[in-house]
Every structure is written in C-alpha cells, then in structure tokens.
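A closer look at the structure
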Amino acid sequence: MSNRLRTVLPALHAVFRALLPALAAPIVLVLGLPGLAALAAGCDPPRAGSTHARAPAALTTEPDPFAATESRARMPIEAEETRQATAVLVQHATVMTAAGQRYEPGYVLMSGGEIAGVGEGDGPAPPPGTLVVDGHGKFVTPGIVDPHSHMGVSPVPQTLGHDDLNELTDPITAGIRAEHSFWPEDAALERAVAGGVTTIGVLPGSGNLIGGRGVVIHLLPRLGARAMRFPGSPEILKMACGENPKRVYGEKSRAPSTRMGSVRALREAFTKARKYSHDWESWAARKQHPVKTANGSTDEAKPPDRDLALETLALVMRGDILVEWHCYQADDMLAALEVAGEFGFKVRAFHHALEAYKIRDVLVAHGVAIATWDDWWGFKMEAYDGIPENLALMTEAGGRAAVHSDSAVAGQILNQAAGKALAAGRAAGVKLDENDALRWLTANPAWVLGIDDQVGTLQAGKRADVVVWSEDPFSTYARAEQVYIDGRLIFDRGHFGAPWSDFELGVRAMPPLPPPPPLSPAGATP
Amino acid sequence: MRARTRLRSVSFAAIASFAAIASRAAVVAAFLLVSVAACPTARAEEAAPIAIAHALVYGPGTRLPLVDATVVLAAGKIVSVGSSASMPPGAIVVDAHGKSITAGFIDADTDVGAVEVAMESGSNDTDARGLLLPALRMVDGYNPRSALIPIARSGGVTSVVVAPRAGALAGQSAFVDLAGDTQAEAVVRASLAQYARADEAEAQEVGTRGVLWMTLRQALDDARFYSTHKAQYDANATRTLGLRRMNLEALLPVLRGEQPLVVTVHRASDIETALRFGAEYKLKLVLRGASEAWLMADEIARAHVPVIIDPLEDLPEAFDRLRSRSDNAALLSAAGVSVVLSTFSSHEARLLWQRAGNAVRLGMDHDAAIRAVTEAPADAFGLKGYGRLEAGAVGNVVVWSGDPLQIGTRVEHVFVRGREQPLETRQTLLLNRYRTLPFGHDGTR
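Keep in mind that what you see is a predicted model, and the values were worked out from it rather than measured.

Time to look at the confidence of the model for chain B. Residues and elements named next belong to chain B. Averaged over every residue, the pLDDT of chain B is 89; residues scoring 70 or more account for 87%. Low pLDDT, under 50, characterises residues 1-45; the stretch is placed with 24 contacts to residues that sit more than four places away or in other chains. Note on the complex model: pTM 0.87, ipTM 0.89.

Set out below in structure tokens:
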C-alpha cells in the first residue's frame, strides 16, 4: 500500500487543507458561536428544534398538506382510547435513564402519556387508580428508536404487490415520501415492538441518490402512516452515495454509473434547487413590493411552478429537512461533506457509515452523527472494512453514534447489537459505560431523527415510551416484557391477543412460552 | 502455553504502542519478527500435552457443565476430560479458572471459504448456474486463505460445512476445519452431503412445486436405474437419462443412504412432502430452513430427521413461511427433534454463539443450544470425533471468558486439531491501524 499511498497522500493532503475552510463554514452558520463553544466543551450541540426555528420564506403559495403531523385515522385496536387513561408506576426495578442515571432500585411513573417521575427508591405514593407494576429483577429503559428501517415500505411477506421501497425510475426522486409507500399491516412491526422498539425512522431505499423523504413512525397499530407519524417529528430526507445508485443506473445504461457521475448529478440538482429557491424569493419580494408598470397597473407576477423535488432540496438547504445519508466508505463520506459544504446544508447523520471510525474526528468536527450496525460487514466492497468497534470509537471521539437495523430481523434485537458493540469497544480499551450503549439505542437515534426533545431518555416531561426488560438489556437472554408507548401498554409478553396485522389474522397462534403448545394433530399422509 | 500466550500479548501491546510513533514499515517488520520467532516454539510445544485447567466444561452427554474440570490435548486430539486433579505430567498448563470450555462450534451451513465480498461475483463462488448439479463439489472452490476464516474462528467456530446454494439439486458440501493454509490441511470431508432445494423460491424457478418434486424424483429414478445398468449405459444401450454420468454417480451415495440429502423447505406441507419423499427413496434426510417445522415436530422426530434452522428467522418472509415463529428451535427440541443451529451465512458465521444464545432466549435449554452447535451438527452429518469434548475426539476446543452464549464473553483461546490458533483477523489489523488517529481534523493521514 505504502508506495501508492505515498504518492497520493501529499495530493490528498493539499485537497483537504484547501477544503477545510469550506467544510467548517456550515457549522458556524448553523450552530453559531454558542454552538461551537458547546462543541468545544464536549456538550451536546443545540437540538433539532433550533434549526426549525428559522423564519420560512415563501416556497409555495399553498400549505403542504403532508407537513401536518396530527393523527387523524382511527385506531383499530383501541378505537376509543387515544390517550393514556391509567397512570402506571413501575417499581423495584433497575432503571436506566440514558441520561446518565442508573437507579437500583428505581421507579418510573407514567401519567397522561408522559413520564411524570423517575428516580431512586419506590417513588411517590401512587395516585388512586394507578396501575403498579412490580419490577423486581427487571430493567427499565427508554423505548428503542431505530433510525433506519424499511418496515412498511419493504414489508413481510416480501411480495411483488407490496415492494414499495425504491422508486427506481430516476436517480433523484426528492419529491416522493416514504409515508405514501408505508403498509401498516407489515407483520414485522409488531415483532419490532416485542423487541423493545417504540419509534422507527422509515426511509426509502438506497437505489437513488436522493430517494425521497422518510417518515418517523410511532409504533402504535393504526390504519395508515399519517396516523402513525410521530407527532411533531421533522421532515427527513434519504440520500445515498457509493455503490447502490451507480449500480442501479449503470445497469440501465443511465447516469450515474460512477461515483463522479453521482456527485455531478447531486451538484446539478442542488444548483437547480438553489435557483428554484431564489425564484420563489424574488417572487415573494415582488409581491411584497409591487412594481408599477409604464401604464400604471401593478405587475401581476405569477408564482413559479411548484416542483416537489426542488422544493425538498430547497428546504434541505434552508435547514428545514434533516439529511439522512447512506454512505459506507470514509472517502464517500468526505465527498458527501464537500457537496453539503458547497450548498451550505448540514448532514444530520451518515447511515451505515462502516468506515466512520477512520474519519471520526472529521465527523465530530462537523457535528454529523452516524447510524450503523454493530458488526455487519463484507456483503459488498464498500462494507469490507467494517469493524465491530466502530460505534465505540465514534463515541470515544466525542461523536454521536446510533445503532440501526435496516432489517426486520436485526430490528428485533437492537439491544443485543448495542451490547455487542459495548463489549467490542471495551475489549479494545475504549472507556464506555452502559449509559453510552443505551444512548446508542435511544437518545442518539432520537437526535438523528430530530425527536430527542420528546423521547430517548427517561426524564420527566418526555413521552412515556418505556420498556421493561426481563434482565439486563445487554444480555443475550433479555426479553422485552412490557412496552409502553405514550404511557399505554402496547406489548405484554405472555398476553398475546390477536395479531396487529390484518394479514396475520387466522395465521398465527402465539401462546405464552414455555411450555410448548400442543403441536399439530398427526394428519394422515396422502 | 501460558508463557507463549503472555509473550504474544506483550508483543501485541508493544506493536500497538509502536504504531503511534513508528512508521508503518517498522510495524510490519516488527510483526514479521514476532511471527518468525513464534514458529519454532509452537513446533516444540506440539510434543507436550496441553492441559486447560480449572474450567467450567460443557462435557459430553451431561446436562450441566463440569465444574473445575480439565481438558487435556495432545497429538491433535482430546486425551481426557475430567477432574483437575488428574493433570498429566509434563503438560503445559493453561489456567482457565473462571472460564468455560466447549468443543469448537460447528456452523452446519455456511459459505465460508466460498465468498469474500458477496456482491462481487468474482469473489463469490455460491452462484452456480443450473438446475441439476449433484456432481458440483464446493471443496473445489474452497479458499483456506479467505479473510473470513480467522473472523469466523474468532467467534469460536472451528469447523464449518461449506454448502452449495443454487439448483434443485445443488451439489455436495465440504466439511472443513477453520485452520491450515491449504485445502489439503483444512478439508476434513471433501464430499459431506448432497443438497436439494424444495422451497417456494426454487419452485418458482421451475414453475411449480409439482414440477420441482417431479424433477427431483426423475433425477433419483435415473440414478437408481443407472446404478443397475452401468454396463448398458457405458455401451450406450439404455434409455436416455436426464443426467450426465458424473451427476448420476454423485447421487448413488444418497440413494444408498450413505450420504445425507439436505433439503431446503419451509412450509409445513412442503416438509410433509419432503418426509414422504425421503421415506419413499429411503434417504438419510436433513431438513434445512424449516421455518414451519414446529407444526410438524412429531412427524420429524418420528422420522429421526435432523433440522438445521436459524433461530432468528421468525418473520413471515414469504408465503411458504407464514407460520414462522421465534420459538421454532425450542418447540422442536422439546419434541425430541435433533436441532442444529446455523447462521446460513458467510460473514456472520462468527456469530453462531449469538444464534444459540437467542435460541435460549426464545425457550431452548442452554445445554441443548450448545449441543445444537456442537454434537448435533456432527451427528447429523456422521462426523465421528467432532462436536464433543471427550477422550479421543478431535482437538477442536474453545476457551471462553464466560458463558459462551452471552454478550460480552470473549473467545480467549481457539485450538484446532490441538494447535492453538491466532485470534488476529483483518478486522483487528484495521482496528490497530485506526485505534489512534494519526491524522489531523481534515481527513489527511
């Protein structure tokens, strides 16, 4: 390696040196000085909310009907019950808050859909009517947030009829929304909840450079994505670099068929979006200050034609949409940061990011999080250098790391993934504690999705998304025994009702474990 | 042994600290020195028995592990398993107090050695093209220098079945130990078992389930006919047979019941058909995949057919596994079926312990789960001396820092045929290179 690298390195060095000011610029713009100071002090940079607070200039003449997040559709299972009716107090358990505390024993009080109290000991005397759960020997954590899921858009069973993952008709489909592909009867959703997951970021696939907007789903069984959308969650955009888009379009003999083709396509798209944004701004300005024409009438300037894709990209550049960028290799992430720097937008998180450990200092300096697996690797070239210490090294460097699944199987055992990454990090000498590992599952992915002000830690005032585990959640043997969302018990192991999914009606029997149920009658073989 | 282990860890520490200050070339040189220096010692030690002492030992046929037990290895084999009092004289003692010992794990269905990077077809020897390929032998493509092998080994897997993947009759698997630089060293059985695919996906390849079973029957019928008409066949005096000679020959050990036929099926009714097919041709059957096997547990147990499953497969992924459930392994095991757990993977073979741990989480006995990755695969494929910690068995032994199926437990020593194996992998080398960042905040090195 050394000979080739030695010739390449000085050149690379010069390039990165030259780029450094450009790369640093967006940080200053978005965070401002207090943000930088906080970063330097090792504190969390300002939350997502601050990026949403910018005054929106008119981009369209009409409100976006899909920007609203209030639940409208009915719930099939608890049709009349939309809020937590009964307060719940879990006592005598080991409570891990993901905010640094471990109460042993501790309590969590859930009331009105929120965490009303958490702390050491038995907690306050429960108000009358409170359901008290004896948590002896149990562990309590915040609900797991899976920041990268394709449940609903690539559901089980895998069928032609329900494969709605990738809109592979153009490499840039920024105008589409995963929520319009989401099939709420996906049988994987209930199994994820049984694994302690309460919120998922559902993203379009990675076949396109810009796959479209994702949707944050709160895992309550409802009849449509609109009703399942996490209240107040920001807009998120799925982008992809590296192998997938160039393979998909290269095979169609279309652009991009190379990484350089991919970067060009992105730069052209954002250049168009910049002009689009500018057109709307000038229209708005002219509308506000109409120009009198020669004959004395006012200029009846027509608004520009609305373009859903360019609108999305314009909102990205304005900081109103969080960028969730699928990238594996270090060099691809560096190139992506260059594009982001050129157009002045921030990358919220690199997803998969298997080589993040190689450039963790750069990612930390840019305030970019990673969402990744614990130890998947090798299925393609860009995944060949994945190592199990990735999450740990990113955390050690002061970065924000989250565990994701990208798989309906892995999504059921995310707690094990964090446990394995914790063990791998410790074996490599990284100083980590269980709070760090828990944050990989809850607080950090919540930040990746821009909902960390609502969930991710057990703190008074947050949504009561809570999991009661049979034992230490970082044990192979741990099972989620109870899962609460907004304070309502939505999964209770050993009390299986009808399946959530209409598809599974009449198919599945889930008696409690063990003992095993009576097995099928011995049928006569034909 | 202890001295050598300590020496090695010191050397690694030294390398790590060098890395911060020395050039890459110096590190590489240091590495070479260490490995060269270690070789003669290793050879010299082969004569002396190795006693791994004071451990929790998951022994043969016991429901509970033996406490404070010792495993003695010599000449590539396990010499004894028993009380720590009976230490052989002259043995190199490895103190495994607080550790546990198992037979090396066997992943019964992998692509290890057949693929480096799954999506790079040049490095992927699993995508055979053809429908009836019984003469295909995975051993011919097996690469003992694959980067995946040390990684699988670092997860406590000492042997794998390298299985063919494509075709209604997919070919013959190989059984290999995960050590040795040549096929000659690594391969234990060049032809272990024959494979048939009879699931929904394969039925789609030929049209329908009916056509698929008809095709399989036709192949076995032709092979059976061929076995009694070899002379006429060679004289070109038989009816036309659907398979070439080498393919017909390859099916003979299957028809004689000597070689297992591993059938991939999922739907309960497909399992019924497979069992009927096995009885019809008097085959030694193994079921693979078998998502809905729990619905047929009694029938499978009665037929003494082992089942290879992935305990994490609980999703109704396709219409032939709508009744998948997470406790498939537990239910089958409780019904007396011989359950073999596998990752069905290449890069994830190192996580076999986690699959077994999940089977326990989902209701299987801990002891049964360990047997499902040691004894059970050995028994399913008739691999005498494998998968057991007992005198006379092959010296494939793993020392774990704790419960082998628990997160956080580390693999501390791996012995293959009595020889300790390095735990260095391509991934540990990457970790060492990037453990401290030798470059600035702009991505330059």
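All names here are of chain B. The assigned domain composition of chain B is domain 1 (2-103 + 421-434) and domain 2 (105-385). On the side of domain 2, 9 residues touch domain 1, which itself brings 10 residues to the contact. For the side of domain 1 that touches domain 2, the elements supplying multiple residues, two or more each, are strand 5 (100-103) and helix 15 (426-434). Across the side of domain 1 that touches domain 2, the residue classes break down as 3 nonpolar, 4 polar and 3 charged.

Before going further, it helps to examine the environment of Glu 420 of chain B. Residue and element names in this part refer to chain B. The residue Glu 420 is located in strand 18 (residues 419-420) in this model. With 22 C-beta atoms packed within 10 Å, Glu 420 lands in the buried category. Separated by 191 residues in the primary sequence, Glu 420 and His 229 place their C-alpha atoms 50 Å from one another. If sequence neighbours within four positions are ignored, Glu 420 has contacts with His 413 and Phe 415.

Moving on: the packing of helix 6 (residues 259-288) of chain A against helix 8 (residues 330-343) of chain A. All names here are of chain A. At a closest axis distance of 10 Å, the pairing of helix 6 and helix 8 adopts a crossing angle of 15 degrees. Put simply, helix 6 runs roughly parallel to helix 8. Taken as a pair, helix 6 and helix 8 cross one another with a handedness that is right-handed. Side by side, helix 6 and helix 8 meet where Val 263, Leu 266, Arg 267, Phe 270 and Arg 274 of the first sit next to Ala 335, Val 339, Glu 342 and Phe 343 of the second. Residue composition of the contact of helix 6 with helix 8, grouped by class: 6 nonpolar, no polar and 3 charged.

Turning our attention to the sheet that holds strand 12 (residues 369-372) of chain A. Residue and element names in this part refer to chain A. If you walk across this open sheet you meet the 8 strands as 6-7-8-9-10-11-12-13, and the pairing is mixed. Two strands lie at the open edges of the sheet, namely strand 6 (144-149) and strand 13 (401-403), each paired on one side alone. For this sheet, the mean angle separating the axes of adjacent strands, direction not counted, is 25 degrees. This element, helix 7 (residues 308-317), spans strand 8 (210-218), strand 9 (235-240) and strand 10 (321-327) of the sheet and lies at about 100 degrees to strand 10.

A few words now on the packing of helix 11 (residues 414-427) of chain A against helix 12 (residues 434-441) of chain A. All names here are of chain A. Contact pair helix 11 / helix 12: the axes reach a minimum separation of 9 Å and the direction vectors enclose 140 degrees. Classified by the interaxial angle, the pair formed by helix 11 and helix 12 is oblique. Crossing of helix 11 against helix 12: the hand is right-handed. Counted together, Leu 414, Asn 415, Ala 418, Gly 419, Ala 421 and Leu 422 of helix 11 and Ala 437, Trp 440 and Leu 441 of helix 12 form the full contact between these two elements. Among the residues forming the contact of helix 11 with helix 12, the class breakdown is 7 nonpolar, 2 polar and no charged.

All names here are of chain B. For strand 16 (residues 397-400) and strand 17 (residues 411-416), the ladder comprises 4 bridges, and the chain directions are antiparallel. Bridge pairing in strand 17 places Val 399 opposite His 413. Pairing of strand 17 with strand 18 involves 2 bridges; the strand directions are antiparallel. Bridging across to strand 18, Val 416 finds its partner in Arg 419. Connecting strand 17 to the antiparallel partner strand 18 that follows it, the hairpin turn spans 2 residues, and Arg 417 within it adopts a positive phi of roughly 50 degrees.

This part takes up helix 6 of chain A. Two residues of an α-helix separated by three or four positions point the same way, owing to the 3.6 residues in each turn. For helix 6 of chain A, which comprises 30 residues, the first-to-last C-alpha distance of 43 Å matches the rise-based estimate of 44 Å (1.5 Å per residue) to within 8%. Residues of helix 6 of chain A that are buried include every one of Ser 262, Ala 265, Leu 266, Ala 269, Phe 270, Ala 273, Tyr 276, Ser 277 and Trp 280 of chain A, and no others.

The subject of this paragraph is helix 15 of chain B. Residue and element names in this part refer to chain B. For helix 15, the full list of buried residues reads Gln 427, Thr 428, Leu 431 and Tyr 434. Looking down the long axis of helix 15, one finds its buried residues gathered within 135 degrees of arc, a one-sided arrangement. In this structure, the buried residues of helix 15 make contact with helix 3 (148-153).

What counts as what
Residues numbered from 1 in each chain as written. Chains lettered and ligands numbered in written order. Predicted model: local features only at pLDDT ≥ 70, side-chain atom pairs only at ≥ 80, totals over all residues. pLDDT = per-residue confidence, 0-100. Contact = placed C-beta atoms within 7 Å. Domains from an automatic or database assignment. Helix = DSSP H or I, 4+ residues; strand = E, 2+ residues; numbered from the N terminus. Nonpolar A, V, L, I, M, F, W, Y, C, P; charged D, E, K, R; others polar. Buried ≥ 20, exposed ≤ 12 C-beta atoms within 10 Å, placed from the backbone. Axes fitted to C-alpha atoms, helices over the stretch in contact; angles between N-to-C directions. Parallel < 35°, antiparallel > 145°, perpendicular 65-115°, else oblique. Left-handed = near helix turned anticlockwise from the far one by under 90°. Pairing = 2+ DSSP bridges. Expected span 1.5 Å × (residues − 1). Arc of directions from axis to C-beta.

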